[in-house]
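These are the residues of each chain, in order.
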Amino acid sequence: MLLAQVDTQLANISNYLIYSAMTVYTLAMFAQIFEWTFGAKGGVAVRSARQSSLAETVTESAEAAKGVRKVTVTVAAQGGGTTTLTRTALADAGATTVTSGRGDGGPADGVGPAGTNEKADLVGRMAVSLTVLGMLLHAASVIARGLSVMRWPWGNMYEFSCAFALMMVAAYVILLATKKNVRWLGLPVTVVALLILGIAVAVLYTDSEQLVPALHSYWLGIHVSTATICGGAFFAAFVTTLAYLLKDRYEHRLAAGLTVRAANLMERLPASGTLDKLSYRINAVIFPLWTFTIIAGAIWAEAAWGKYWEWDPKETWSFITWVAYAAYLHARATAGWRGRKAAYLALLAFACWLFNFYGVNIFITGKHSYAGV
Amino acid sequence: MSDTKTSLQPADAADDPDVERLSTAPEENDTAPVGIGVLGWLRWFWRQLTSMRVALLLLFLLSLAAIPGSLVPQSTNPVKVADWKNAHRGITPLYEKLQLFDVYSSVWFSAIYILLFVSLAGCILPRTWQFVGVLRAQPPAAPRNLTRMPVYAAWHTGAAPEQVDAAARRLLGKRRFRVAAGTGPVAAEKGYLREVGNLLFHFALFALLTGFAWASLDSGSGTKIVLEGQGYSNTTTQLDDFTGSRFYGIDDLDAFGFKLDGFTAEFQTSGPAAGTAKEFVANVRYWEGADSGKQKNAKIEVNHPLEVGGSKVFLTAHGFAPVVTVRNAKDEVVYRGPTVFLPRDSNVTSPGVIKVNDYGTGPDGEKTQLAFQGFFLPTAASDFTHTGPISVFPAAADPRLVLSAYVGDLRTDSGLPQNVYELDNKAMTQLQVDGKPAAVNLKVGEGWDLPDGYGSVTFDGYQQWANFTVSHRPGNSVALLGAVAAILGLIGSLFIQRRRIWVRAVTAPDGRTLVEVAGLGRSESARTAEELAEIAVELQDDAPAADEPPGPDGPADDVPAAADSPAAAVPTAPETKE
Ligand code: HEM
């Protein structure tokens, strides 16, 4: 297997693209800051108004069209109350409308960073567009980097950081695309993406080069690409967990009649129950992929070193991270841990992941040859 | 009881115990031992060990216990361990006692995972029986009070109860629910694969462990340096070193051999990473069994081992062997051939020793031995006054051999095993010129007349060698199978949701039919509600709602407000993804 020469022109294009992506992310970040600031006015009470108007629409149409089928389901909520979910289907159109209302259940989800301010909402939409544009530039940069050496573009810390940041933004965009109420996630994601890219460009940068033979394996492509995807998703879950902890504290203090800080901000976040569930879902969905990542790594190690598992520090910390996430899932599934207790576990697991990526490479030397900073 | 019970269900668990246990997890009971005696304590201990709380604790401990092994060098890397011990003499004995250099085979690490697996067995086997029971049984009948179920809907209809029941059976069947046979109220369940996935995952962990255990009990590996043109057959006498295990010793080596026809290395020649390897290829001819007649060609590369006769041959290092001819004082050839020098850095600066045991007699007529100590440099630096002899590029662009010479007793006959790569010069003197150690820097083809008439040495050329690791590791396929099963099981366990749906139609006092549908999922997932709503809407094709739809505040006597239901205790689990 002979490797192509490094295409310096493409490598340069990749560098320009990463700077452009960072510029666009910065703009997106400012737009999000504006969104949060403008949205501060009057974001709270309006939701219920919107809801009731929706309900009215449904009732009206129910009265108007004959043969409408409508069901209201009572759902027991976490805090001991109930919520309702209404599903309406017009007999001929076949379409169903769903409205979910809240009974006396827990607090409702906030509307998002824009509150009910239209200007803020517009800026927020711009921020989303900018984030998507930044992501495209970012992706183009990663691809150009890969093409410049005709290999998977994650052979060293710089490349891995870029890919990881990309996956993080992608996780956010995917959540948005699946109609999840996650606009609030935009600001932390862009800020951290900028941070990671900043460190990557300023500290970890290495010229586009070929890899040592130990890294020539298609398992590298599989192992590392799934690892970056997991990283991005774990990160999204991490931010959600943090938001959960803040919001939960806020809700509790509010309920207890204590003073609360940043009420305006907090009100626009989803309800703590929603955040708790979201972070759990992300972690649960990505856990099998993380398992696969470790196994792919083991298969690669078998081919390269003759042993699929040698307790090399990177392997060890992947294992620790895996067990930590397994413990988290276990705690939720079997021990009924929920809320704060589970959230601390999730944070711990993410800390292990983070240490595996940065800490192990910097503080511990192992066989993973790309680990050099 | 503790918070660890999985099967907590809302509602009247008292009068419908069967319905409420959707989970098949064994029930937990941590009351202290009943009665006295060893048996009571054993039973108590066993219950503790197989409880979820202890399983969780052991999982934590396992990840904690793995940490020291990543911080302290492990004995799989003896050089690092030795360095560390030298640098921390004071604390070394304590570390040794704590087995910190062998964390992953230490007593305490083993204890944790063995306990974990015992706990797992104690948990998973009963779960399996229970699940088999569940599969054999019909979905449990509807509980008396459906309003207390986590999701609930109701409406009045003009259709007859039997009609509604039949329609519901049809509908749920079409949605691939398992519907209890019979007539009357409908009970249906779906998502059994979740439990299958969960059991598969936990069983797969055993397969993984088996694979690990097999590998560590029945594996062995050795290394061998082979010169270009040289052959190798897989026996202990030929291996440079060998580590076996309980069931794989030196007599069990797989029979095969190979001949290294050539070795090529390619390096980056420019840029900041110049000198970084691009590829290493060893071209070999190999045979299986003792008969070397039938040979096949193969390439061994990094990441591409050769599989032969139950072993794998990995290419793990390469280097050079300078070829020299040594003549003694009488000008007789006393040594000729390649000598392996071991690389010290990434540019293959290779220190080495050439020992001439059969030198004969020196210029003074006394019997003596001769040795050279020096470096082979594939691409010598132009000047090494400050650095000592070093190579600046890993390929042989300007190969040099730097040597100094010793005469005296090599002490090879002392009976002690000697490292061929090191010189024991305790009984030797270095040859000198003008009172300074004599040394020479030879190009290929050049020679050196040794001082004091000790003869000469010529640098005839060099050969490359490759280092191979021959490894026999069974159990890989078991471990791989376990890993694949674990992933499949996880996907089933995490993405599939198990839920039950009941439909009951009864004639209300006012003569109309009251249709009640209720659902119970293993998580507080809103999707159960959505699914139930969909089913209810579809059911209204056959049981159209009467004009006044009873919501939660509909027919108040039938549907008490659910606010007081202990719904918080809905069993929980990951969400479904369908
Ligand atoms: C060897 C270490 C273990 C690992 C890595 C592990 C991992 C997991 C994971 C990742 C889950 C989540 C999947 C899900 O929610 O369905 C899970 C669930 C579960 N595990 Fe384990 N586990 C281990 C040991 C045990 C032990 C010792 C027990 C019993 C004492 C046990 C019983 C269960 C049960 C009952 C569930 C819940 C299944 C459900 O929600 O239906 N596991 N385990």
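You'll find the structure just up there.
Computed from a predicted structure; not experimentally measured.

S.K.: Explain the overall build of chain A here, please?
M.R.: For chain A, the helix and strand inventory stands at 10 helices and 3 strands. What you see in chain A, going N to C, is helices and strands ordered as α-α-β-β-β-α-α-α-α-α-α-α-α. A separation threshold of at least 6 residues defines the contact pool for chain A, and within that pool the share at least 24 residues apart is 74%. Roughly 15,300 Å² of accessible area belongs to chain A as shown, and the carbon and sulfur atoms make up 67% of that amount.

S.K.: How should the site of the ligand be read in this particular structure?
M.R.: In the region of the ligand, 24 residues are neighbours, and His330(A), Cys123(B), Arg127(B), His202(B) and Ser493(B) sit closest. At the site occupied by the ligand, the surrounding residues belong to chains A and B. Here Ser493(B) contributes a side-chain N or O atom positioned 2.3 Å from an oxygen atom of the ligand. Those elements that provide at least two residues to the shell around the ligand are helix H9 (313–333) of chain A together with helix H3 (52–71), helix H6 (107–136), helix H8 (192–217) and helix H9 (476–495) of chain B. Of the residues that constitute the shell around the ligand, the class distribution is 14 nonpolar, 7 polar and 3 charged. Each of domain 1 (31–137) and domain 3 (193–208 + 474–496) of chain B contributes no fewer than three residues to the shell around the ligand.

S.K.: Sorry if this is basic, but what is going on with the pairing of strand E4 (residues 220–227) of chain B here?
M.R.: For a regular strand, the rule is simple: side chains alternate between the two faces of the sheet. Residues and elements named next belong to chain B. Most of E4 is tucked away, with 7 of its 8 residues classed as buried. In the sheet, E4 pairs with strand E21 (residues 456–472) via 8 bridges, with the strands oriented antiparallel. Of the residues in E21, the one forming a bridge with Val226 is Ala466. As paired elements, E4 and strand E6 (residues 241–243) share 3 bridges and run antiparallel to each other. Its bridge partner lying in E6, Thr223 is registered against Asp241.

S.K.: Looking at this structure, I do not really get the sheet that holds strand E5 (residues 231–233) of chain B. What am I missing?
M.R.: Backbone-to-backbone hydrogen bonds join strands into a sheet, with any given pair of strands oriented parallel or antiparallel. All names here are of chain B. Here 4 strands make up an open sheet; going across it, the order is E5-E7-E8-E9 and the pairing antiparallel. Unpaired on one side and paired on the other, E5 and strand E9 (296–301) mark the two borders of the sheet. Sheet twist, expressed as the mean angle between neighbouring strand axes with direction ignored, is 30°. By the bridge criterion, 6 bridges tie strand E8 (residues 277–288) to E9 in an arrangement that is antiparallel. Within E9, the residue paired with Arg285 across the bridge is Asn297.

S.K.: Whenever I open this one, the packing of aromatic side chains confuses me. Can you help?
M.R.: The description of an aromatic ring pair uses the distance of the two centres, along with the angle that the planes make with each other. Counted according to the given criterion, the structure contains 34 aromatic pairs over all chains. Ring centres 4.6 Å apart and planes at 65° place the aromatic pair Phe160(A) and Phe357(A) in the edge-to-face group. Of this pair, Phe160(A) sits in helix H4 (residues 157–177) while Phe357(A) sits in helix H10 (residues 339–363); the two residues are 197 residues apart in sequence, bridging distant segments of the chain. You can call Phe160(A) buried: its relative accessible area is 6%. Each ring, one from Phe238(A) and one from Phe350(A), has its centre 4.4 Å from the other, and the planes form 15°; the classification is stacked. Residue Phe238(A) is located in helix H6 (residues 218–255), and its partner Phe350(A) is located in helix H10; the two are separated by 112 residues in the primary sequence. With a relative accessible area of 4%, Phe350(A) lands in the buried category. A cation over a ring is seen here: Lys85(B) above Phe101(B), with NZ or CZ 4.9 Å from the ring centre.

S.K.: Help me out: how do you make sense of the pairing of strand E14 (residues 367–377) of chain B in this one?
M.R.: Residue and element names in this part refer to chain B. For E14, a buried count of 9 out of 11 residues is recorded, marking the element as mostly surrounded by other parts of the structure. Of the pairings in the sheet, the one linking strand E13 (residues 350–361) to E14 comprises 9 bridges and is antiparallel in character. Within the sheet, the bridge partner assigned to Lys355 lies in E14 and is Ala371. Remark: 5 residues form the turn of the hairpin made by E13 and E14, two consecutive strands paired antiparallel; Gly365 in that turn has positive phi of roughly 85°. As paired elements, E14 and strand E15 (residues 400–408) share 9 bridges and run antiparallel to each other.

Thresholds applied
- Residues numbered from 1 in each chain as written.
- Chains lettered and ligands numbered in written order.
- Predicted model: local features only at pLDDT ≥ 70, side-chain atom pairs only at ≥ 80, totals over all residues.
- Heavy atoms only, no water.
- Helix = DSSP H or I, 4+ residues; strand = E, 2+ residues; numbered from the N terminus.
- Contact = heavy atoms within 4.5 Å.
- Areas by Shrake-Rupley, 256 points an atom, 1.4 Å probe, with all protein chains shown as cover.
- Near = heavy atom within 4 Å.
- Polar contact = N/O pair within 3.5 Å; in protein donor to acceptor, adjacent residues only side chain to side chain.
- Nonpolar A, V, L, I, M, F, W, Y, C, P; charged D, E, K, R; others polar.
- Domains from an automatic or database assignment.
- Buried < 20%, exposed > 50% of the residue type's maximum accessible area, 1.4 Å probe, protein only.
- Pairing = 2+ DSSP bridges.
- Axes fitted to C-alpha atoms, helices over the stretch in contact; angles between N-to-C directions.
- Phe/Tyr/Trp six-rings, centres within 6.5 Å; stacked < 30°, edge-to-face > 60°.
- Lys NZ or Arg CZ within 6 Å of the ring centre and 35° of its normal.

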